[in-house]
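Below are the chains, spelled out letter by letter.
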Amino acid sequence: MNGTKLLSSITDNLNEMGLARMSESLMNAYKSPDFLNKDRLELISEMVNDEYQIRISKKIESRLRHAGLLGSPETIDSCVDSIEREYKPNSIVSMLKNLDFIANGQNVCILGASDSGKTYLARALAIEACRFYKVEYHHCSRLLENVAALKSVDFVKYSRKIKALIKADLLVLDDFLLNSIMDEQELKVLFSILEGRIEAKASTVVCSQRQPESWTSMMMNDAVSADAILKRITRHYTVVINCRSDN
């Protein structure tokens with residue numbers, strides 16, 4: 001079999017296996033003037049790397065889409081002290097950027113006034129995490145309402161949903177306690193999710209403009225549940241974003 005036929009056979013096989021980028025790389029390399037002078041391992045490395053990068057990009061895109069963050073503009077490098085805001089404690093954002101808190105199953109509580117940048121930081125961390133991890137991003141009130149309602153109509157689907165929320169490498173609960181939790185089932189759902197993630201050593205990020213000392217009054221004045229939830233959310237890292245101006 002001559003070179004052209006062998007090349008055709010190889011590229012056909014690669015395409016059939018769904019390795020179109022590798023097939024294209026091989027074809028381009030074969031047509032290059034220095035093809036015969038290339039190191040064989042270097043040539044293989046180039047072809048594999050091209051295919052690998054395509055697949056990684058697709059995986060990241062899929063994770064972003066699942067989290068509802070595809071196309072979101074937030075970047076972790078933009079979360080720096082400025083004339084508008086500061087992040088406390090010092091260097092906390094730089095430390096979180098390496099995502100070790102996810103690998104270690106640690107939680108992050110982001111506190112600050114309305115429009116201080118809590119959601120931006122949470123979304124930026126979630127987007128960064130999608131490079132390596134499966135992420136769930138939800139507005140807390142909406143999630144609790146939907147999951148509690150699901151429990152009453154389809155327990156099997158409810159169980160699957162809870163399992164998925166517990167299993168995710170990173171769960172972001174935005175606007176935590178923006179509104180009071182007045183439904184006992186919603187409070188139980190929240191506790192089940194947080195408790196399950198603690199047991200699974202999975203990381204959770206919570207954003208709230210409410211100070212922790214006010215949480216009990218917003219959870220049906222259930223001091224026991226509020227204390228248990230507070231301890232789970234704030235047991236590792238707390239980030240406070242302070243606004244410096246009204247700009």
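Shown above is the structure to which this text applies.
The rules behind these values
- Starting afresh in each chain, residues are numbered from 1 along the sequence in its written order.
- With pLDDT at 70 or above as the cut-off, local features in this predicted model cover only qualifying residues; side-chain atom pairs require 80 or more to be listed or tallied, and sums for whole chains, interfaces and linings still use all residues.
- No hydrogens and no water enter the side-chain calculation; it runs on all heavy atoms of the structure.
- Only runs of H or I of at least four residues qualify as helices and only runs of E of at least two qualify as strands under DSSP, and these elements are numbered from the N terminus.
- When accessible area is computed with a 1.4 Å probe and restricted to protein chains, residues below 20% of their type maximum are described as buried, those above 50% as exposed, and intermediate ones as partly exposed.
- For two strands to count as paired, DSSP must find a minimum of two bridges between them.
- Seen with the strands pointing away from the viewer, any crossover whose path from the first strand over the helix to the second strand runs clockwise is right-handed.

## Observations concerning the environment of Asp 100
Here Asp 100 lies in helix H5 (residues 100-103). Assessed through its relative accessible area of 42%, Asp 100 is described here as partly exposed. Residues Asp 100 and Lys 59, spaced 41 residues apart in sequence, show a C-alpha to C-alpha distance of 21 Å.

## Focus: the pairing of strand S5 (residues 203-208)
Across the six residues of S5, six count as buried, placing the element largely inside the fold. The alternating pattern of S5 places Ser 203, Val 205 and Cys 207 on one face and Thr 204, Val 206 and Ser 208 on the opposite face, and all of these are buried. Sheet analysis places strand S2 (residues 108-112) next to S5, joined by four bridges and oriented parallel. By the bridge assignment for S5, Val 108 is matched with Val 205. One ladder, built from four bridges, connects strand S4 (residues 170-174) with S5; its direction is parallel. Looking across to S5, one finds that Leu 173 is bridged to Val 206. In terms of handedness, the path from S4 via helix H9 (residues 184-199) over to S5 forms a crossover that is right-handed.

These results come straight from atomic positions and should not be treated as a statement about function.
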